[in-house]
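An overview of the molecular structure
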Amino acid sequence: MEEQLKIDFDKVIQNLKSSKKDIEVRQKNLNEFIKNGFPNKRTEDWKFSDFNQIITSNIKGLKFFNNETKPGEFDQSIFVNNFTHNKIIFVNGLISMLDFNCEEKNKIEVIDTHETEDLNSKNPLIFLNNALKFNYIKLTIKENYSLNKPLIIYNITNNKLNSNTISQRIDFILKKNSSLKLINLFDDNSNNNFYNINYQFKIGKDAILKNYKIDSQLNSNIKYFFNNIDLEHNSLAETFIFSTGSKFIKNEINCNLNDQYSSAFINGIINLKNDQHHEIKTNINHLAKNTKSYQLVKSVLNNNSKGVYQGKIFVNSKAQKTDGYQLSKALLLDENTEFDAKPELEIYADDVKCSHGSTSGNLDEDVLFYAMSRGLNYQQSKKLLINGFLLDVVEKITDLEIKDLIKNIMENS
Amino acid sequence: MRKKELEKIKKYKYGFSTDIENIRAPKGLNKEVIKFISNIKKEPQWMLDWRLKAYERLQQLKEPDWQKPKFPKINYQDLYYYSAPKSVKDKPKSLDDLDPKLLETYNKLGIALVEQKRLNNIAVDAVFDSVSVATTFKDKLTEQGIIFCSISEAIQKHPELVKKYLGSVIPLTDHYFATLNSAVFTDGSFVYIPKGIRCPMELSTYFRINASETGQFERTLIIADKGSYVSYLEGCTAPMRDENQLHAANVELIALDDAEIKYSTVQNWYPGDKDGKGGIYNFVTKRGLCKGKNSKISWTQVETGSAITWKYPSCILKGDNSVGEFYSIAITNNYQKADTGTKMIHLGKNTKSKIISKGISAGFADNTYRGLVDISSKADSSTNFTQCDSLLMGNKCGAHTVPYIKNKNSSSNVAHEATTSKISDEQLYYCSQRGLNQEEAVGLIVNGFCKQVLQQLPMEFAVEAQKLVGISLEGSVG
């Protein structure tokens, strides 16, 4: 792998015509990655998902550079109907289209760069992302501007792509009192690829971010998403994850509540079948007084699948009056399913309200019996209960239009 | 004595040391020292081989470093691994032969070794540094076939039992401190309850560290044969010293079909002074195996002492319908640190486990609950319930919860809940309105907070533990 990585790294650098400084930073990140390798279960953060094993057993001959440096064609029918929105479209990891037609032009700034900045991280996959990323977009929303319509980022792959790595990085900078609704959609027509996507959010004073990640099509790709969210005074970030499609997904969210009255909400659904393995990992850092966080993750696991939730609430000694909540519930519907959880609290302030809960088990027989005694058959009752279980999370979505959209997607998947 | 020192003693009343002549092994950890220990205990060859095997293994192991409380590196070559009062070179046959100084020490600690003086029905095995100095009520227990003696005695008198069960729950190769213990363990208790016997009294061991620069490595082995029941208590204290002393014990419990073992600990090792100087490093491996069907192991612990407490009393629920319980109170004050919890490993069908953990953190202390609940794919219809509550006093301390929950069985249920809070002003106000001063009020509220666990202790212990809870938190309010 190391050899292939070095060859592909040189190709990336050649194609990007990088500056000397950029090459230096990338090289440093590459070396860090090579030193660490893909994380395995001996790494605490990857205890329940042995990434090294997952990637080597699923992808043979992993490449790190896509020879086609021009984005391919895509079918416009994948756009969400009857739903006006702004678009950014990636085909095979390359930017293909930017469309902000619903917005005032001078309020949004999009810079497509590839100059790398070093990130303060020890995560090997972030090193890899930093070394290889091809497109690097910085999207800034100016002060006091709220987008009229949501922004959907489409990630499309076609069948030309195989055993490849897609490294992407987008920085979202929300200036004071601005707001953004962001939806991530995946249209996977490829197999055995490794997505490594890194989003950095800087949310200014009074700004609002609503971020919805939807991965609903069954495919054999492996995905790692890293989101870093920095929140300033009185700002808010809402994240919703719908995780059902790919073979393996790990959604990692690191959230820093840097100033007073900022709040973070993370809600997630994991719905799996057939050997899938998905994980949600959160890290909420309460660093200032009067901050709030709320997490709800529900998982439904069918034959041979595995779900993992690792959530951590950290409360700094300065962060008095913190309100932190975390709940994870899982349904194990078949034999050979597995759910692992590590809900963690690390608290250094005394005047706080922090709690977490985690349950896992099968559907309650009594409840099933009740539904059946009302005339539903076994399958219908089961479906009703599972739907009710999951809709609880969907109901937390604060944007009505998007909530309907997601309910629609859920029904069809 | 200066006033300051008087006050110090008041805080930790077990902080005195006994001036007694000792026999020590040469300093350091090597094969010679292990042979010395084995020799002085007149151990058979197989025991020495076992120890040496552990020592070989130890050379390949590294000290674990994943725990939350960090500590300066321990120089294992700079410790004495064996220290015993000269007068008990051969274990005294009766209390009359026991060095009066030792008797006095135990009286001072509130442990009467003279049977007639005891009001309550508790048999005691008293371990002083590296040796067991006395075991009471032996005759009465022997009548029923119960074996209650020091482990060194058991190695000589009941080798078949020791050979069969020693290391069967905590293998030689387990982890650094357990392996270290296997190589150099000095004394501890051995209990065997025969088939169908319900032990008529509480059994208990009282551990005392006295000598300086010594590590205490005790080993306890309890076997409850089919249909038997035993309740076992453990208490510990140590003198106040500015150095940190290591206590690395191994405790193994084995419950066969329909047997029940109840193991209670009130741990009150010297916690160090209020600037965090001195105190015991309490790195203990405790593990119980529910080997038979319908067996039950219940751990109850009140952890108030030690500079660092690092232990996870665990249950391996191997037999079908077996039950594991863990009740814990961990109190840390000043610069104390605790990283404690449990492991419940469900292997058998229809196994049940329950974890109640209460952590209280004050001053500059750090208190971590770390636990594992692992339901294997064969453990059908198993359930686990976990509740971890933390109480914080002041904003210089920390309370952490790190549960690992693994469920591989769709017919099993796991539920975990945890909360962190402080004593609310309303509660304090209500109590002071009723005429309690602040310290009394805090004591009352904390005792209420711990009640679920204190209830599990045998009565004599519960009273003591309740007092201990109050004392441990003195000076943490206001």
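Residues numbered from 1 in each chain as written. Chains lettered and ligands numbered in written order. Predicted model: local features only at pLDDT ≥ 70, side-chain atom pairs only at ≥ 80, totals over all residues. Heavy atoms only, no water.

Some remarks on the overall build of chain A
The secondary structure content of chain A amounts to 7 helices and 19 strands. Since a compact globule built from 413 residues should have a radius of gyration of about 22 Å, the 21 Å found for chain A is in line with a globular shape. For chain A, the spread of C-alpha atoms along the three principal axes comes to 70 × 45 × 45 Å. When the 413 residues of chain A are sorted by exposure, 59% land in the buried category. Sequence-distant contacts, at least 24 apart, represent 83% of the contacts inside chain A between residues at least 6 apart. Counting every atom, chain A has about 16,800 Å² of accessible surface; 45% of that belongs to carbon and sulfur. Looking at charge distribution, chain A has the averaged site of its 52 positive side-chain charges lying 2 Å from that of its 52 negative ones. (Helix = DSSP H or I, 4+ residues; strand = E, 2+ residues; numbered from the N terminus. Rg over C-alpha atoms; globule rule 2.2 N^0.38 Å. Buried < 20%, exposed > 50% of the residue type's maximum accessible area, 1.4 Å probe, protein only. Contact = heavy atoms within 4.5 Å. Areas by Shrake-Rupley, 256 points an atom, 1.4 Å probe, with all protein chains shown as cover. Lys, Arg positive; Asp, Glu negative; His and termini not counted. Charge placed at Lys NZ, Arg CZ, Asp CG, Glu CD.)

Considering the overall build of chain B
Within chain B one finds 11 helices and 24 strands. Whereas a compact globule of 478 residues would reach a radius of gyration of roughly 23 Å, chain B reaches 22 Å, a difference of no more than 12%. Judged by the C-alpha coordinates and their principal axes, chain B covers about 65 × 65 × 50 Å. Taken across its 478 residues, chain B has 62% of its residues classed as buried. Here the analysis covers contacts within chain B between residues at least 6 apart in sequence; of these, 83% occur between residues at least 24 apart. Carbon and sulfur atoms form 49% of the exposed surface of chain B, whose accessible area is close to 18,700 Å².

Some thoughts on the domain arrangement of chain A
Residues and elements named next belong to chain A. Each domain of chain A was delimited in the assignment, giving domain 1 (2–366) and domain 2 (367–413). The centre of domain 1, based on its C-alpha atoms, is set 26 Å off from the matching centre of domain 2. With 30 residues of domain 1 at the interface, the matching set in domain 2 holds 23 residues. When domain 1 packs against domain 2, close to 2,400 Å² is buried across both sides, 74% of that on carbon and sulfur atoms. Viewed at the interface, domain 2 and domain 1 are joined by 2 salt bridges. Lys181 is paired through a salt bridge with Asp399; the nearest N and O atoms lie 2.9 Å apart. Across the domain 1-domain 2 interface, the total number found is 13 residue pairs in polar contact (both at pLDDT 80 or more). Those elements that place two or more of their residues in the side of domain 1 that touches domain 2 are strand S7 (179–188), strand S9 (208–215), strand S11 (236–243), strand S13 (263–272), strand S15 (292–301), strand S17 (323–332) and helix H5 (365–373). Counting residues per element, the side of domain 1 that touches domain 2 draws most heavily on S15, which supplies 5 residues. (Domains from an automatic or database assignment. Buried area = accessible area lost by both parts, 1.4 Å probe. Salt bridge = Lys/Arg side-chain N within 4 Å of Asp/Glu carboxyl O. Polar contact = N/O pair within 3.5 Å; in protein donor to acceptor, adjacent residues only side chain to side chain.)

Quick word on empty space enclosed by the protein
Residue and element names in this part refer to chain A. According to the stated counting rule, one finds 4 cavities of 30 Å³ or more in the structure shown. Quantified by volume, the largest cavity comes out at close to 170 Å³. Lining the largest cavity are 15 residues, and of these Asn66, Phe134, Thr165, Ile166 and Ser167 lie nearest its centre. Sorting elements by how many residues they give to the lining of the largest cavity places strand S6 (residues 165–174) first, with 3 residues. (1 Å grid on protein atoms, 1.4 Å probe; cavity = no way out; pocket = protein on both sides within 12 Å on 5 of 7 lines; lining within 4 Å. Points joined across faces, edges and corners; volume = space filled by probe spheres on them.)

Some words on helix H3 (residues 45–60) of chain B
Three- or four-residue spacings in an α-helix give side chains the same orientation, since the helix completes a turn every 3.6 residues. Residue and element names in this part refer to chain B. With 16 residues, H3 ought to run about 22 Å at 1.5 Å a step, and its terminal C-alpha atoms sit 24 Å apart, in line with that. Every buried residue of H3 is accounted for by Met47, Leu48, Trp50, Arg51, Leu52, Ala54, Tyr55 and Leu58. Looking at the buried positions of H3, the neighbouring elements they touch are helix H2 (31–40), helix H6 (151–157), helix H8 (176–184) and strand S8 (219–224). (Expected span 1.5 Å × (residues − 1).)

Side note on the pairing of S13(A)
Residue and element names in this part refer to chain A. Of all 10 residues that make up S13, 8 are buried, and the element is covered over most of its length. Relative to S13, S11 runs parallel, the two sharing 8 bridges. Opposite Thr239, over in S13, you have Ile266 as the bridge partner. (Pairing = 2+ DSSP bridges.)

Considering the confidence of the model for chain B
Residue-level pLDDT values for chain B average 86, and 92% of them are 70 or greater. The lowest-confidence element of chain B is helix H1 (residues 3–11) of chain B, averaging 54 in pLDDT; the highest-confidence one is strand S19 (residues 343–346) of chain B, averaging 96. (pLDDT = per-residue confidence, 0-100.)

A few points about the packing of aromatic side chains
The full count for this structure, using the stated rule, is 36 aromatic pairs over all chains. Seen from their ring centres, A:Tyr212 and A:Phe240 are 6.5 Å apart, and the 45° between their planes marks the pair as tilted. Taken as a pair, A:Tyr212 in strand S9 and A:Phe240 in strand S11 lie far apart in primary sequence, 28 residues in all. Accessibility classification places A:Tyr212 together with A:Phe240 in one group, the buried group. The interplanar angle of 40° and the centroid separation of 5.0 Å between the aromatic rings of B:Phe71 and B:Phe283 together place this pair among those described as tilted. Linking B:Phe71 in the loop between H3 and strand S2 (83–85) with B:Phe283 in strand S13 (residues 279–290), this pair joins segments that are 212 residues apart in sequence. (Phe/Tyr/Trp six-rings, centres within 6.5 Å; stacked < 30°, edge-to-face > 60°.)

Notes on the environment of B:Thr368
Residues and elements named next belong to chain B. Topologically, Thr368 is positioned in strand S21 (residues 366–375). Under the relative-accessibility criterion, Thr368 is labelled buried at 1%. Each C-alpha atom of the pair Thr368 and Ser189 lies 29 Å from the other, and the pair is 179 residues apart in sequence. Those residues in contact with Thr368 that sit more than four places away from it in its chain are Lys68, Ala338, Asp339, Thr340, His400 and Val402.

Focus: the pairing of strand S12 (residues 248–257) of chain A
Residues and elements named next belong to chain A. Within S12, 10 of the 10 residues are buried, which leaves the element mostly enclosed by the surrounding structure. Here S12 shows two buried faces, one formed by Phe248, Lys250, Glu252, Asn254 and Asn256 and the other by Ile249, Asn251, Ile253, Cys255 and Leu257. When strand S10 (residues 222–231) meets S12, the two strands line up parallel, connected through 10 bridges. The partner of Ile229 across the bridge, within S12, is Cys255. Looking at chain direction, S12 and strand S14 (residues 277–286) are connected through 10 bridges and run parallel. Considered in S14, the bridge of Asn256 is made with Asn285.

Side note on unusual backbone geometry
Residues other than glycine predominantly adopt negative phi, and peptide bonds predominantly adopt the trans conformation. Residues and elements named next belong to chain A. Positioned with a positive phi, Ser163 is a non-glycine residue whose angle comes to about 50°. Turning to its location among the elements, Ser163 is positioned in the loop between strand S5 (151–157) and S6. Given the relative accessible area of 12%, Ser163 is considered buried. Notably, Tyr261 is not glycine yet its phi reads approximately 60°, a positive angle. Looking at where Tyr261 falls in the secondary structure, it is placed in the loop between S12 and S13. Taking relative accessible area as the criterion, Tyr261 reaches 46% and is therefore assigned partly exposed.

Points about the interface of chain B and chain A
Every contact between the two is made by 31 residues of chain B and, on the other side, 35 residues of chain A. Surface buried jointly by chain B and chain A totals about 2,500 Å² across both partners, of which 47% is contributed by carbon and sulfur atoms. Between chain B and chain A we count 1 salt bridge in total. In this structure, B:Lys68 and A:Glu346 form a salt bridge, with 2.6 Å as the shortest nitrogen-oxygen distance. For the side of chain B that touches chain A, the secondary-structure elements that each account for two or more residues are strand S22 (383–393), strand S23 (398–407) and strand S24 (413–422) of chain B. Residue classes in the side of chain B that touches chain A are distributed as 11 nonpolar, 14 polar and 6 charged. (Nonpolar A, V, L, I, M, F, W, Y, C, P; charged D, E, K, R; others polar.)

Remarks on the nonpolar core
Core analysis: the largest hydrophobic core is formed by 108 residues, its most contacted members being B:Tyr81, B:Phe190 and B:Val446. The leading source of residues in this core is helix H10 (residues 438–454) of chain B, at 8 residues. When we break this core down by domain, the ones giving at least three residues each are domain 1 (3–311) and domain 2 (426–473) of chain B. If we ignore the near neighbours within four places in the chain, the residues touching B:Val446 are B:Ile360, B:Leu391, B:Met393, B:Ile423, B:Val469 and B:Leu473. Counting residues in hydrophobic clusters, the runner-up holds 97 residues, among them A:Ala264, A:Ala319, A:Val352 and B:Leu317. (Core = buried A, V, L, I, M, F, W, Y, C linked by side-chain atoms within 4.5 Å.)

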